[in-house]
Amino acid sequence: MGEPTLKEKLEQAKAALEQRTDGFAPEVAIVLGSGLGPLAERIEEPIFVPFGEVPHMRTSTATSHVGRFVFGCLGGKRVVCMQGRLHGYEGYAPQEVAYPIWLMHGLGADALITTNAAGGINERYRVGDFCIMSDQINFTGRNPIVGQEPNEVAFRFFSMYECFDPGLRCVARTVAHEKGISFQEGVYLGLLGPSFETAAEIRAFRMWGADTVAMSVCEEVIAARHVGMRVLGISLVTNMACGVDGANPADDDVLAVAAERSTDFCRLIEGVVTAI
Ligand code: HPA
């Protein structure tokens, strides 16, 4: 018996999680980015499963990423939440980053809400703004569908047109309006990292039409679209990107801003989960 295939690994992980959660079938999957973990504390009757205990899955090494699944109820829906995520810059292969997305889909989730902390490229944006992703530019140089095995999970050639679901974006806008939470809507550009960008890179990205930048999300969105999930992406602008108004961002800005905006972030996501 050789190494299991990706499909077999996902089946083993699914069986293990179903046993651990008594057959819990989530409707919505949520990925919580840097500093955005507190939403997981609002999940009712939570069941925690550390990533390291899931067959064939890697664990989070990034600061502020707890690194566990939280299964339970939020806003009246069954959710599975990743409190922390896996990033390419941690040294993980694209398929390792995508693995939990495929897994959450396999457990039953047909919608993905992915969130992150991001730098603002658009000069009209302000620190503390939420930004609903309207589209993405995958500038990581990587794609999780490369290779034979993802093609056994689902067909490898699929459209990325409207990769962020227009219906879910509409729900997010409506909920934000109802709750008096202001937001932007723009194009997200994802990089491998872990170094921050140069000012020249940020100027180039602006010319391409990018409004925000960070080191996650793109590979997750590709994996989710690969298996037909509806996707919503929401960034919190924790800093202006390098060189915007003389900004010289570093990691410390991220957590302080996320902590300040945590209440509105939880209200927004919980409202969206209820409404979808
Ligand atoms: N650049 C890259 N990643 C980020 C940033 C940024 O400015 N802010 C938060 N994550």
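In case you missed it, the structure is sitting above this.
1. Description of the environment of Glu197
Then comes step 1: If you trace the backbone, Glu197 turns up in the loop between β7 (183-190) and α5 (199-208).
Then comes step 2: The spatial distance from the C-alpha of Glu197 to the C-alpha of Gly243 is 9.3 Å, given a sequence separation of 46 residues.
Then comes step 3: When sequence neighbours within four positions are dropped, the list of residues in contact with Glu197 reads Leu191, Ile202, Phe205, Val213 and Cys242.

2. Focus on empty space enclosed by the protein
Then comes step 1: Enumeration over the complete set of coordinates arrives at one cavity of 30 Å³ or more.
Then comes step 2: Considering only enclosed or pocket space, the largest cavity measures out at about 90 Å³ in volume.
Then comes step 3: What lines the largest cavity is a set of 14 residues, among which Gly88, Met215, Ser216, Val217 and Glu219 lie closest to the centre.
Then comes step 4: Among the elements that take part in the lining of the largest cavity, helix α6 (residues 218-226) stands out by supplying three residues, more than any other.
Then comes step 5: Looking at the lining of the largest cavity residue by residue, the class counts come to seven nonpolar, four polar and three charged.

3. Focus on the packing of helix α2 (residues 94-107) against α6
Then comes step 1: Closest axis-to-axis distance for the α2/α6 pair is 9 Å, and the angle between their directions is 50°. Classified by the angle between their axes, α2 and α6 sit oblique to one another. As for the relative orientation of α2 and α6, their crossing is right-handed in sense. Along its contact with α2, which presents Pro94, Val97, Ala98, Ile101 and Trp102, the element α6 presents Glu219, Glu220, Ala223, Ala224 and His226.
Then comes step 2: Of the residues contributing to the contact of α2 with α6, the split by class is seven nonpolar, one polar and two charged.

4. Quick look at the packing of aromatic side chains
Then comes step 1: Evaluated as defined, the whole model comprises eight aromatic pairs.
Then comes step 2: Note on Phe139 and Phe205: the rings are 5.6 Å apart at their centroids and 70° apart in plane angle, and the pair reads as edge-to-face. Taken as a pair, Phe139 in the loop between β6 (130-138) and α3 (150-153) and Phe205 in helix α5 lie far apart in primary sequence, 66 residues in all.
Then comes step 3: Overall, Phe139 belongs to the partly exposed group, its relative accessible area being 40%.

5. Description of the layout of surface pockets
Then comes step 1: Computed from the structure, the largest pocket encloses a volume of approximately 430 Å³.
Then comes step 2: If you trace the largest pocket, you find 27 residues lining it, with Ser34, Phe196, Met215, Asp251 and Val254 closest to the centre.
Then comes step 3: Of all elements in the fold, only β5 (111-120), β8 (212-214), β9 (230-240) and α7 (251-275) reach the threshold of two or more residues within the lining of the largest pocket.
Then comes step 4: Among the elements that line the lining of the largest pocket, the one with the most residues is β5, at four residues.
Then comes step 5: The residue inventory of the lining of the largest pocket, partitioned by class, reads 13 nonpolar, eleven polar and three charged.

6. Points about the pattern of salt bridges
One side chain can pair with another of opposite charge once the charged atoms of both are near each other.
Then comes step 1: The final tally for this structure, using the stated rule, is 13 salt bridges.
Then comes step 2: Between Arg42 and Glu270 there is a salt bridge whose closest N-O contact spans 2.6 Å. Of this pair, Arg42 sits in the loop between β1 (28-32) and β2 (44-50) while Glu270 sits in helix α7, and the two are 228 residues apart along the sequence.
Then comes step 3: Since its relative accessible area comes to 18%, Glu270 is described here as buried.
Then comes step 4: Between Glu185 and Arg173 there is a salt bridge, and its shortest N-O distance comes to 2.9 Å. With Glu185 in strand β7 and Arg173 in helix α4 (residues 166-178), this pair connects stretches of sequence that are twelve residues apart.
Then comes step 5: Residue Glu185 is classed as partly exposed on the basis of its relative accessible area, which comes to 28%.

7. Looking at the site of the ligand
Then comes step 1: Taken together, Ala117, Ala118, Gly119, Phe196, Glu197, Val213, Ala214, Met215, Thr238, Asn239 and Val254 make up the full set of residues adjacent to the ligand.
Then comes step 2: Taking Glu197, its side chain carries an N or O atom lying 2.9 Å from a nitrogen atom of the ligand.
Then comes step 3: With respect to the ligand, the side chain of Asn239 contributes an N or O atom lying 2.7 Å from a nitrogen atom.
Then comes step 4: For the ligand, the accessible surface in isolation is 260 Å², of which the surrounding protein chains cover 94%.
Then comes step 5: The cavity that encloses the ligand is the largest pocket.
Then comes step 6: When contributions to the shell around the ligand are tallied by element, the ones reaching two or more residues are β5, β8 and β9.
Then comes step 7: With three residues, β5 is the single largest residue contributor to the shell around the ligand.
Then comes step 8: Classifying every residue of the shell around the ligand by side-chain character gives seven nonpolar, three polar and one charged.

8. What about the pairing of β6?
In summary, the side chains of a regular strand alternate between the two faces of the sheet.
Then comes step 1: Of the pairings in the sheet, the one linking β6 to β7 comprises eight bridges and is parallel in character. Paired with Asp135 across the two strands is Val187, which belongs to β7.
Then comes step 2: In this sheet, β9 lies alongside β6 in antiparallel orientation, the contact comprising three bridges. Note on β9: the bridge partner recorded for Cys131 is Ser235.

About the criteria used
- Residues numbered from 1 in each chain as written.
- Predicted model: local features only at pLDDT ≥ 70, side-chain atom pairs only at ≥ 80, totals over all residues.
- Heavy atoms only, no water.
- Helix = DSSP H or I, 4+ residues; strand = E, 2+ residues; numbered from the N terminus.
- Contact = heavy atoms within 4.5 Å.
- 1 Å grid on protein atoms, 1.4 Å probe; cavity = no way out; pocket = protein on both sides within 12 Å on 5 of 7 lines; lining within 4 Å.
- Points joined across faces, edges and corners; volume = space filled by probe spheres on them.
- Nonpolar A, V, L, I, M, F, W, Y, C, P; charged D, E, K, R; others polar.
- Axes fitted to C-alpha atoms, helices over the stretch in contact; angles between N-to-C directions.
- Parallel < 35°, antiparallel > 145°, perpendicular 65-115°, else oblique.
- Left-handed = near helix turned anticlockwise from the far one by under 90°.
- Phe/Tyr/Trp six-rings, centres within 6.5 Å; stacked < 30°, edge-to-face > 60°.
- Buried < 20%, exposed > 50% of the residue type's maximum accessible area, 1.4 Å probe, protein only.
- Salt bridge = Lys/Arg side-chain N within 4 Å of Asp/Glu carboxyl O.
- Near = heavy atom within 4 Å.
- Polar contact = N/O pair within 3.5 Å; in protein donor to acceptor, adjacent residues only side chain to side chain.
- Areas by Shrake-Rupley, 256 points an atom, 1.4 Å probe, with all protein chains shown as cover.
- Sits in = over half its atoms within 2 Å of the grid points.
- Pairing = 2+ DSSP bridges.

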